[in-house]
Amino acid sequence: PYREETSKDARYLEVVAVRKSFRGATVMDGMNFRMRKGELVSLLGPSGCGKTTLLRIIAGLVVADEGDVVLGSRNITDLPAHKRNVSVVFQNYALFPHLSVAENVAFGLKARGRTRAEAEGPVRDALKLVRMETYADKPIAGLSGGQQQRIAVARALVVKPDLLLLDEPFSALDRKLRETMQVELKSLLRDSGTTAIFVTHDQEEALSVSDRIAVMNAGRIEQFASPSTLYARPETPFVMDFVGLSLRLHGRAARTGDDHVAVETAHGIVRTAARLEDGEPAIVGVRPELVRAYRASDVPREPSGRNRIEVTLEDVMILGSKTMLHGRSEGSERLVCELAGIQSQYVRGQRIVLDWAIEDTLAYGAAA
Ligand code: ATP
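None of these values were measured; they are calculated from a predicted model.

Draft legend 1. Broad picture of the overall build of the protein. Of regular secondary structure, the protein possesses 8 helices and 20 strands. In terms of overall dimensions, the protein has a C-alpha envelope of 80 × 45 × 35 Å along the principal axes. Counting every position in the protein, which comprises 368 residues, the buried fraction comes to 38%.

As structure tokens, this is what we get:
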């Protein structure tokens, strides 16, 4: 369902009809990807879906079998990596342990023929950007993981790249530090006006750092949209499942009314405003925080415009800021409801009614 944007403004980086196979196994075929100048876009998807391959093709570290890469107004398809003015930050930092912080940051400038004196100002600015200016003369060896990753980012930015590529840059850091780095990265890229692509398999990381996210599956982009659109309006069941949690049921479209379709599921009828063919197998879903829960003994009178299913509580998870209710289900159904705060009135084995608006119901036919 992914449709490319075609406006001129959207074409700062263009990947056009790229094909790549490794030893006869096709990893991507007809990949198209476009982004704007100054954007921070994440490539999000499960292991093996081709995120790193796409990044490496853009960087010039992997050669595509077919297709083009255009950056700014240059077709860089046949340029070697070091002539693309594209910087890459890797997960393992790849710093030089025998050089100081400043020497590491200056490395790219030296490689481009700048003298030590010419490099001094830009190195200081880059270190300031990552808030490490007081570490200039320190050895790399004594730095923490988070500090080393900041130096790797400074080294990538000092050459003023046309494009910055980050390949799971924070996955070696602990959760707290990773969250701090995400916030810092976002603001320093905005401050420096850098266009960047961020590879991650962590959906929360993608949602928190990105202007837009390309959700990838098996070498294809399933949806390319802002975090809020991806979450509220996932276009495929894969995107619904990969980005955020959802209550999910399988069924069959039964009757199509004027403004909604009834889907018959093992837990009863679920109505949706989505378009489905009569008799078509379908998946319906809803985000768990849009679901209300009632004990089966005190359900209010049924309001119109809402779906209701009755389930047995399998598990109650009190997480402090929220409480997750999990219903008992068969097969691949997921019956989950998220309530704000601590809700200790629910217990395992209870019968409860889950209730949500028809308009919040996501639905996908067999073709999606
Ligand atoms: P991960 O999150 O695990 O890094 P990914 O989405 O980045 O995954 P890629 O690393 O791009 O995925 O790999 C996509 C597919 O291409 C995988 O099936 C992988 O095994 C294969 N692949 C990637 N690089 C090579 C290579 N150099 N030789 C052979 N196969 C490769």
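Picking up where we left off.
Draft legend 2. Representation of the sheet that holds strand E10 (residues 220-225) in the model. Spatially, the 6 strands line up as an open sheet ordered E6-E7-E8-E3-E9-E10, and their pairing is mixed. Lying at the two open borders of the sheet, with one neighbouring strand each, are strand E6 (86-89) and E10. Each neighbouring strand pair of the sheet contributes to a mean axis angle of 20°, computed without reference to strand direction. Alignment of strand E9 (residues 212-217) against E10, held across 5 bridges, turns out to be antiparallel. What sits directly across from isoleucine 213, in E10, is alanine 225. The sheet strands contacting helix H4 (residues 145-157) are E6 and strand E7 (163-167), and the helix crosses E6 at an angle near 175°.

Draft legend 3. Structural context of the confidence of the model for the protein. Confidence in the prediction for the protein averages 91 pLDDT; 96% of positions are at 70 or higher. Across the interface, the model reports ipTM at 0.95; the global pTM reads 0.89.

Draft legend 4. Just the domain arrangement of the protein, in detail. Per the domain assignment, the segments of the protein are domain 1 (8-240) and domain 2 (245-365). At the interface, 4 residues of domain 1 touch 5 residues of domain 2. Grouping the constituent residues of the side of domain 1 that touches domain 2 by class yields 3 nonpolar, 1 polar and no charged.

Draft legend 5. Region of interest: helix H2 (residues 101-111). Taken together, the buried positions of H2 are occupied by Val101, Ala102, Asn104, Val105, Ala106, Gly108 and Leu109. Against the buried residues of H2 lie helix H3 (116-129) and H4. Of the residues trailing H2, glycine 113 is marked for its positive phi of about 85°.

Draft legend 6. Here's a closer look at the site of the ligand. Taken together, the residues surrounding the ligand are Phe22, Val27, Gly45, Ser47, Gly48, Cys49, Gly50, Lys51, Thr52, Thr53 and His201. Of the residues in the shell around the ligand, the class split is 3 nonpolar, 7 polar and 1 charged.

Draft legend 7. Examining the UniProt feature "domain: ABC transporter" (unreviewed entry) in the protein more closely. Sequence positions flagged by UniProt for "domain: ABC transporter" (unreviewed entry) are, in local numbering, residues 13-243. Split by type, residues 13-243 is 36% helix and 26% strand. Its first and last C-alpha atoms lie 25 Å apart.

Draft legend 8. Region of interest: the sheet that holds strand E2 (residues 25-35). One open sheet accounts for 4 strands, arranged E2-E1-E4-E5; its pairing is antiparallel. With partners counted over all chains shown, the strands left at the sheet margins are E2 and strand E5 (74-75), one partner each. Pairing of strand E1 (residues 13-22) with E2 involves 7 bridges; the strand directions are antiparallel. Bridge pairing links glutamate 14 to arginine 34 in E2. Along the sheet, helix H1 (residues 51-59) makes contact with E1, E2 and strand E4 (66-71), crossing E2 at roughly 65°.

Draft legend 9. Just the environment of histidine 201, in detail. In this fold, histidine 201 is placed in the loop between strand E8 (196-200) and helix H6 (203-209). Placed 152 residues apart in sequence, histidine 201 and cysteine 49 show a C-alpha to C-alpha distance of 9.8 Å. Not counting residues within four places of it along the chain, the set of residues in contact with histidine 201 comprises Leu44, Gly45, Pro46 and Ser47.

Draft legend 10. Quick look at the environment of glutamine 350. Structurally, glutamine 350 can be placed in the loop between strand E18 (336-340) and strand E19 (351-357). Note on glutamine 350: 16 C-beta atoms within 10 Å, which makes it partly exposed.

Draft legend 11. Summary view of unusual backbone geometry. Even without being glycine, asparagine 85 reaches a positive phi, approximately 55°. Not every positive phi belongs to a glycine, and alanine 218 is a case in point at roughly 45°. For alanine 218, the location among the structural elements is in the loop between E9 and E10.

Draft legend 12. Representation of the nonpolar core. Core analysis: the biggest nonpolar cluster contains 98 residues, and Ile58, Val105, Ala154, Leu165, Ala214, Val215 and Leu354 have the highest contact counts within it. Considering every element that reaches this core, the biggest residue donor is H4, with 6 residues. Each of domain 1 (8-240) and domain 2 (245-365) gives at least three residues to this core. Apart from residues lying up to four places away in sequence, leucine 354 is in contact with Leu247, Val291, Ala293, Arg308, Ile309, Val311, Gly327, Leu335 and Cys337.

Draft legend 13. Looking closely at the packing of H4 against helix H5 (residues 175-192). Their axes nearest at 11 Å, the elements H4 and H5 cross at an angle of 20°. The angle between the axes of H4 and H5 places the two elements in the roughly parallel class. Like other packed secondary-structure pairs, H4 and H5 cross with a definite hand, here right-handed. Residues Gly146, Gln149, Val153 and Leu157 of H4 pack against Leu177, Met181, Leu185 and Ser192 of H5.

Draft legend 14. The pairing of strand E14 (residues 281-286), seen in detail. Across the 6 residues that make up E14, a large majority, 5, are buried. Where E14 lies against strand E20 (residues 362-365), 4 bridges are found, and the strand directions are antiparallel. Residue valine 284 lies in a different strand from E20, and its bridge partner there is alanine 363.

So, how was this worked out
Sequence order sets the numbering: in each chain, residues are counted from 1 along the sequence as written. Only residues with pLDDT of 70 or above have their local features reported here, since the model is predicted, and side-chain atom pairs are shown and tallied only from 80 upward, although totals for entire chains, interfaces and linings are computed over all residues. Secondary structure elements follow DSSP: runs of H or I of four or more residues count as helices, runs of E of two or more count as strands, with numbering from the N terminus. Labels follow a simple rule on C-beta atoms placed from the backbone: if 20 or more others lie within 10 Å of a residue's own, it is buried; if 12 or fewer, it is exposed; otherwise it is partly exposed. Here a strand pair is declared whenever DSSP counts at least two bridges between the two strands. Orientation is described by lines fitted to C-alpha atoms, with helices fitted over the stretch in contact, and by angles between N-to-C directions that extend from 0 to 180 degrees. Distance between backbone-placed C-beta atoms decides contact: two residues are in contact if it is within 7 Å. Every residue is assigned a pLDDT by the predictor, reflecting its confidence on a scale from 0 to 100. Note that the domain bounds were set by an automatic or database domain assignment. The classification used treats Ala, Val, Leu, Ile, Met, Phe, Trp, Tyr, Cys and Pro as nonpolar, Asp, Glu, Lys and Arg as charged, and all other residues, Gly among them, as polar. By definition, a residue lies near a molecule or strand provided its backbone-derived C-beta atom is within 6 Å of it. UniProt positions are given in the numbering used here, feature names are shortened, and annotations may be inferred rather than shown by experiment. Core membership is restricted to buried Ala, Val, Leu, Ile, Met, Phe, Trp, Tyr and Cys residues, and these are joined into a nonpolar core through C-beta atoms within 7 Å. Note on terminology: angles under 35 degrees are roughly parallel, angles over 145 are roughly antiparallel, angles of 65 to 115 are roughly perpendicular, and the others are oblique. Each crossing is labelled by how the near helix is turned from the far one, with a counterclockwise turn of less than a right angle marking it left-handed and a clockwise turn marking it right-handed.

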